[in-house]
Amino acid sequence: MSRSLEEIREEALKTINSSDNLEKLEEIRVSLLGKKGALTEILKSMKDYAPEERPMVGQKVNEARKLIEENIEARRNNINHLLLTEKLKRETIDVTMPGRRELRGHRHPNQIALEELEKVFIGMGYQIVEGPEVEYDRYNFELLNIPADHPAKDEQDTFYITKDILLRTQTSSVQARIMEKQELPIKIISPGRVFRSDEVDATHSPSFHQVEGLVVDKGITMADLKGTLDCFAKSFFGPNTATKLRPHHFPFTEPSAEVDVTCFKCGGKGCSVCKGSGWIEILGCGMVHPHVLEMCGIDPDVYSGFAFGIGLERVTLLKYEIDDMRLLYENDKRFLEQWV
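Peer 1: I keep staring at the overall build of the protein and nothing clicks. Help me out?
Peer 2: Across its full length, the protein carries 11 helices and nine strands. In terms of overall size, the protein is more extended than a compact globule, its C-alpha atoms giving a radius of gyration of 42 Å where 340 residues would be expected to give roughly 20 Å. With the C-alpha coordinates of the protein rotated into their principal frame, the extents come out at 125 × 45 × 35 Å. Put simply, the protein has 340 residues, and 41% of those count as buried. Taking contacts inside the protein between residues at least 6 apart in sequence as the whole, the part at least 24 apart equals 66%. For the protein, the exposed surface amounts to about 19,800 Å²; the carbon and sulfur share of it is 51%. Within the protein, the 56 negative side-chain charges are centred at a point lying 8 Å from the centre of the 45 positive side-chain charges.

Laid out in structure tokens, this is it:
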């Protein structure tokens, strides 16, 4: 028995020390100490020994078991250490290498222009208000002095959902809501998405954005409107920008005008951008029509007001010298990454 134990012990230590992975080490442990292992078989044979010999046999088997377990544990720790060392070598980080730039999303040029525009008008004391994109005909047309037979209500221009509900064609509908419900005086801008049945090209889209402005108070004049738009143009396009009002017609303003600014490219001298005129059209405006005030519950004999509508995409294209509106919506990374 002693010779058998010695042979098992020596062979065990030899195989344990030569094992180079945890799977092989586990196989050795099971072959020696498992239910059918060599040492376990010796313990099972103790019934064949005389009673006085059994304590000595048990002691020697336990000593061998303890020695084998200690060597297995030591070898396991050694293998784990070697594995960790190899892993650390593979995953070594050179802290002297330059870091990689983390790619993040960024503001769209439309959003950049909108935030700058809002900052200009907030600085002049305007509030920002919003309204629904799915609108009633009453607010989109009727309260803005656009009767049922007006060409603007033609289905070729407007997306109707029902006879009385549509996708708003202008954010002026928010002005009608505000005039109907908000206490005077009123000084707001209303940015938002609008919808018109237009073909997609370099300057048109069936879905685009407007920023409507409205001021209603006692004593408001066309001079106030001109001064406001002058201030906006200089703040948004540059301090040397001048404005020019040209007579026009809008159903909800009287008198009405379209506003031009001096060409940002040539400074008003004339170039290909402004088609040689030195001026670029940016928005429409006018004094709020007395009938519009009256329909919204405001006495036109006491109050007056002005309104203006800025096409956000239009001023974005002008400000950043973009020649095609479609670039704003095609998600071309080569274009969008210019605003990172």
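Peer 1: Help me understand the nonpolar core, please; the structure alone is not making it clear to me.
Peer 2: Soluble globular proteins tend to pack their nonpolar side chains together in the buried interior. Phe121, Phe232, Ile282, Leu283, Phe308 and Ile310 are the most contacted members of the largest nonpolar core, which totals 35 residues. Of all the secondary-structure elements, those providing two or more residues to this core are helix H5 (109-123), strand E5 (207-217), helix H8 (222-237), strand E7 (253-262), strand E8 (279-288), strand E9 (304-311) and helix H10 (312-319). No other element matches H8, which puts six residues into this core. Formed by 22 residues, the second largest nonpolar core is a distinct cluster that contains Val129, Leu166, Ile186 and Val216.

Peer 1: How do you make sense of the environment of Lys187 when you look at a structure like this?
Peer 2: With respect to the helices and strands, the residue Lys187 is situated in strand E4 (residues 186-195). Given a relative accessible area of 34%, Lys187 falls into the partly exposed group. With 61 residues separating them along the chain, Lys187 and Tyr126 place their C-alpha atoms 5.2 Å apart. Contact partners of Lys187, with chain neighbours within four places excluded, come to Met124, Gly125, Tyr126, Gln127, Leu214 and Val215. Separated by 2.7 Å, the side chain of Lys187 and the backbone oxygen of Met124 make a polar contact.

Peer 1: Is there a simple way to think about the sheet that holds E5 in this case?
Peer 2: Note: strands within a sheet are paired through backbone hydrogen bonds, in either parallel or antiparallel orientation. Strand order in the open sheet made by the seven strands is E1-E4-E5-E9-E8-E7-E6, with mixed pairing throughout. What marks the edges here is a single partner per strand, and that holds for strand E1 (127-128) and strand E6 (243-250). Inspection of the sheet shows E5 paired to E9 by eight bridges, in the antiparallel sense. When the sheet's bridge partners are listed, Glu212 is paired in E9 with Gly309. Against the sheet, H5 makes contact with E1, E4, E5 and E9, and its axis sits at roughly 165° relative to E4, the strand it touches most. Lying over the sheet, H10 contacts E5, E8 and E9, oriented at roughly 150° with respect to E8.

Peer 1: Honestly, the side chain of Ser190 in this entry has me stumped. Any pointers?
Peer 2: Position of Ser190 relative to the elements: it lies in strand E4. Under the relative-accessibility criterion, Ser190 is labelled buried at 0%. Leave out the neighbours within four places in its chain, and Ser190 touches Val129, Thr171, Val174, Gln210, Val211 and Glu212.

Peer 1: Would you mind showing me how to read the packing of aromatic side chains here?
Peer 2: The relation between two aromatic rings is expressed through the spacing of the ring centres and the mutual angle of the planes. Summed over the entire model, instances satisfying the criterion amount to eight aromatic pairs. A centroid spacing of 5.2 Å and a plane angle of 75° characterise the contact between Phe121 and Tyr126, whose relative ring orientation is edge-to-face. Under the relative-accessibility criterion, Tyr126 is labelled buried at 6%. Taking 5.3 Å as the distance between ring centres and 20° as the angle between the ring planes, the aromatic pair formed by Phe121 and Phe308 counts as stacked. Of this pair, Phe121 sits in helix H5 while Phe308 sits in strand E9; the two residues are 187 residues apart in sequence, bridging distant segments of the chain. Residue class for Phe308 comes out buried when judged on its relative accessible area of 1%.

Analysis parameters
- Residues numbered from 1 in each chain as written.
- Predicted model: local features only at pLDDT ≥ 70, side-chain atom pairs only at ≥ 80, totals over all residues.
- Heavy atoms only, no water.
- Helix = DSSP H or I, 4+ residues; strand = E, 2+ residues; numbered from the N terminus.
- Rg over C-alpha atoms; globule rule 2.2 N^0.38 Å.
- Buried < 20%, exposed > 50% of the residue type's maximum accessible area, 1.4 Å probe, protein only.
- Contact = heavy atoms within 4.5 Å.
- Areas by Shrake-Rupley, 256 points an atom, 1.4 Å probe, with all protein chains shown as cover.
- Lys, Arg positive; Asp, Glu negative; His and termini not counted.
- Charge placed at Lys NZ, Arg CZ, Asp CG, Glu CD.
- Core = buried A, V, L, I, M, F, W, Y, C linked by side-chain atoms within 4.5 Å.
- Polar contact = N/O pair within 3.5 Å; in protein donor to acceptor, adjacent residues only side chain to side chain.
- Pairing = 2+ DSSP bridges.
- Axes fitted to C-alpha atoms, helices over the stretch in contact; angles between N-to-C directions.
- Phe/Tyr/Trp six-rings, centres within 6.5 Å; stacked < 30°, edge-to-face > 60°.

Geometry only, nothing functional implied.
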